[in-house]
Amino acid sequence: MDVAVWAVSMALALGLGLLLLLITGVICTVYSDSVLPPGIQGPGKLRLIYAVQVTIAVLGNIVHSLGLGSGSQLAVIRYLRGKMLGTTHKKAAGLEITDEVFDGVPVRVYRPLPRAAGRRRGVLYFHGGGWVFGSINEYDHLCQYIARESGSVVVSVEYRLAPEHRYPAQLDDCLTATLHFIRTAADYTVDNSRIVVSGDSAGGNLTAAVCLRVSGLEQESPELPPLRAQVMIYPALQMVDFTLPSYRQNQCVPLLFRTRMAFFYLHYLNGEVSLGEEVVDGQHLPLELRAAYRKWINGDLIPDQFKAGGHRPSPPQTPDNEAVDLLKRSLEPTFSPLLASDAAISKMPPAYILTCQFDVLRDDGLLFKKRLEDNGVPVSWHHIPDGFHGIVSFFDNGYLTFPSGKLAVDNIVAFLKDI
């Protein structure tokens, strides 16, 4: 492309982006109370964050359409998101931070200083972002805080992302990093019997999946120590039922919409995003399986205090044969951990689960809590009654700090310190 044409095109794209930011900001300022429900924390701040996210998406589409960015449309949006949302934080005092590679998987290791005479606990962190977005850079500040405040060696994992890589690539990376850390724990002055896996949203899904895989490997390798705990922050745990009370109540509440969650699941699975409507309607499941899974995934199992307006079971949908065939791997327990057998669930380590009231994924966490407890696995549960999906990422962001996010992170730190 001619340099002059490129410059004019870029200026046009940026100008349109700024205009869209202004327009979106105005729209979000008057966002209706029916979308931002009463009781949600910091509605003005949330509108602003949502406005920025929408602007990034639109600007990314413009840049890609003009041929100004390389790679897929999502890759362009990911780049802009990293530039605009990836806040740069100074390295906290009292930490040694190194970028390393664990058996081919890039990681960032946070080691508290001075190094302890004894061995510390170790924490692996799998970031959120719908398996499509997110990076160790965007989660740098959170991982620094957890390492410093809990006195843990934290390993943040840069797993591969969709659409370039599909399931189970992300899980494989997280499992590889986990097993490497267990084997080399002594090199980091870590007690390999005190290793915790953790993550938020998609990272919470990967956390549960890694625990299922590790517990299975323990039977084959008796010398492999069990994981000490799993920390799941508003985890995504099933692609079976998008009609649970939390999906109905919060379907249009930022920062995660119901249809957007289906989009993320499909990108992670195999890229069949055209089947989003079938997934939301439940047409990707044979009726007999949908009936069988109701013993684990069912709005009637949600405590009454979370059924605002009552719960109306969805009528059975006629399965779409194409969707059933193309999406059958979504029923694997390492993709939808809520579908794991009771025997597998019973072997999982003690759990910490964080849920938010105004989050489509709230009920995934509540149902997993019940499954773990029903199978004898101890669970520590922290619920944010005024929280929304993603609030933990804004625990210390200047004007965009949410007090409940800070309380939640400190609650996680307290849980880790007891291990």
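It should be emphasised that the depicted structure is a prediction, and the values quoted were computed from it without experimental measurement.

J.: Could you clarify how one ought to interpret the side chain of Q41 in this entry?
T.: Within the fold, Q41 resides in the loop between α1 (3-29) and α2 (43-65). A relative accessible area of 12% means that Q41 is categorised as buried. Within the structure, the side chain of Q41 is placed 2.7 Å from the side chain of D386, a separation counted as a polar contact. Sequence-distant contacts of Q41, defined by excluding residues within four places in its chain, comprise D386, F388, F402, P403 and S404.

J.: Help me understand the nonpolar core in this model?
T.: The tendency in soluble globular proteins is for nonpolar side chains to be buried as a group. Grouped together as the largest cluster of nonpolar side chains are 89 residues, with contacts concentrated most on V157, M261 and F368. Looking at which element gives the most residues to this core, the answer is helix α6 (residues 202-220), with eight residues. When sequence neighbours within four positions are dropped, the list of residues in contact with F368 reads A208, Q230, M232, L237, P337, L338, I345, M348 and I353. Listed in part, the 42 residues of the second largest apolar core include Y110, V123, Y139 and L354.

J.: Looking at this structure, how should I read the pattern of salt bridges?
T.: Where charged atoms of side chains with opposite charge meet at close range, the side chains can pair. A full pass over the atoms with the stated rule returns 20 salt bridges. Where R160 meets D173, a salt bridge forms, and the shortest distance between an N and an O atom there is 2.9 Å. One end of the pair, R160, is in the loop between β4 (153-157) and α5 (169-183); the other, D173, is in helix α5, with 13 residues separating them in the sequence. On the basis of relative accessible area, R160 is assigned to the partly exposed category, the value being 35%. Members of the salt-bridge network, linked through shared partners, are E96, E100, R111 and R115.

J.: Would you take a moment to explain the sheet that holds strand β2 (residues 105-112) for this structure?
T.: By way of backbone hydrogen bonds, the strands of a sheet pair with one another, either parallel or antiparallel. Strand order in the open sheet made by the eight strands is β1-β2-β4-β3-β5-β6-β7-β8, with mixed pairing throughout. This sheet does not close on itself; its edge strands, each paired only once, are β1 (95-102) and β8 (379-388). For this sheet, the mean angle separating the axes of adjacent strands, direction not counted, is 20 degrees. Two elements, β2 and β4, share four bridges in a ladder whose sense is antiparallel. When the sheet's bridge partners are listed, R108 is paired in β4 with S156. Its contacts with the sheet put helix α4 (residues 140-150) on β1, β2, β3 (120-126) and β4, and the angle it makes with β2 is roughly 40 degrees.

J.: What am I meant to see in the packing of α5 against α6 here?
T.: Between two packed helices, what matters for the description is the angle formed by their axes and the separation of those axes. Packing of α5 against α6 leaves a shortest axis separation of 10 Å and a crossing angle of 60 degrees. Between α5 and α6, the angle is such that the two are oblique. Remark: the crossing between α5 and α6 carries right-handed chirality. Across the interface between the two elements, Q170, L171, D172, C174, L175, T178 and L179 of α5 pack against L206, A209, V210, R213, V214 and L217 of α6. Here the residues of the contact of α5 with α6 are counted per class, giving nine nonpolar, two polar and two charged.

J.: Help me understand the environment of F415, please; the structure alone is not making it clear to me.
T.: Take F415: it is sitting in helix α14 (residues 403-417). For the pair F415 and A229, spaced 186 residues apart in sequence, the C-alpha separation works out to 9.9 Å. Once residues within four sequence positions are removed from consideration, F415 is found in contact with A229, V231, A351, Y352 and S380.

J.: Where do I start with the side chain of D173 in this structure?
T.: Residue D173 is classed as buried on the basis of its relative accessible area of 9%. Every residue in contact with D173, bar those within four places of it in the chain, is listed here: V105, V157, Y159 and R160.

J.: I keep staring at the environment of A177 and nothing clicks. Help me out?
T.: Its location among the elements puts A177 in helix α5. For A177 and E158, which are 19 residues apart along the polypeptide, the C-alpha to C-alpha distance reads 9.5 Å. If near-sequence neighbours (up to four positions away) are discounted, A177 is found in contact with F102, V105, V107, L124 and V157.

J.: Can you help me understand helix α13 (residues 362-374) in this one?
T.: For an α-helix, the turn length of 3.6 residues means that residues three or four places apart are oriented alike. Under the 1.5 Å per step criterion, the end-to-end length of α13 is 19 Å for 13 residues, consistent within 8% with the ideal 18 Å. Taken across its 13 residues, α13 has 10 buried, putting it largely inside the fold. Immediately beyond the C-terminal end of α13, within one or two residues, lies G376, with a positive phi of roughly 80 degrees.

Procedures and definitions
- Chains are numbered independently. Their residues run from 1 in the order of the written sequence.
- Restriction of local features to residues with pLDDT of at least 70 applies here, the model being predicted, together with a cutoff of 80 or more for giving and counting side-chain atom pairs; totals for whole chains, interfaces and linings are based on all residues.
- Note: side-chain values were computed over all heavy atoms of the structure, leaving out hydrogens and water.
- Every helix listed is a DSSP run of H or I at least four residues long, and every strand listed is a run of E at least two residues long, numbered separately from the N terminus.
- Only protein chains enter the accessibility calculation, which uses a 1.4 Å probe; a residue is then buried when its area is under 20% of its type maximum, exposed when over 50%, and partly exposed in between.
- Counting of polar contacts relies on pairs of N or O atoms within 3.5 Å, with two restrictions inside protein: one atom must be capable of donating a hydrogen and the other of accepting it, and residues adjacent in sequence are counted only when both atoms are side-chain atoms.
- Throughout, a residue-residue contact means that at least one pair of heavy atoms, one from each residue, lies within 4.5 Å.
- To define a nonpolar core, start from buried Ala, Val, Leu, Ile, Met, Phe, Trp, Tyr and Cys residues and group those joined through side-chain atoms within 4.5 Å.
- By salt bridge we mean one thing: a side-chain nitrogen of Lys or Arg within 4 Å of a carboxyl oxygen of Asp or Glu.
- Two strands qualify as a pair provided that DSSP identifies no fewer than 2 bridges between them.
- Every angle, taken between N-to-C directions, lies between 0 and 180 degrees, and every axis is a line fitted to C-alpha atoms, over only the stretch in contact when it is a helix.
- Angular relationships are summarised with four words: roughly parallel below 35 degrees, roughly antiparallel beyond 145, roughly perpendicular across 65 to 115, and oblique for the angles in between.
- Crossing handedness is defined as follows: a turn of the near helix away from the far one that is anticlockwise and smaller than a right angle gives a left-handed crossing, while the clockwise case is right-handed.
- Under the scheme applied, nonpolar residues are Ala, Val, Leu, Ile, Met, Phe, Trp, Tyr, Cys and Pro; charged residues are Asp, Glu, Lys and Arg; polar residues are all the others, including Gly.
- Working rule for helices: expected span equals 1.5 Å times residues minus one.

The analysis is restricted to geometry; functional conclusions fall outside its scope.
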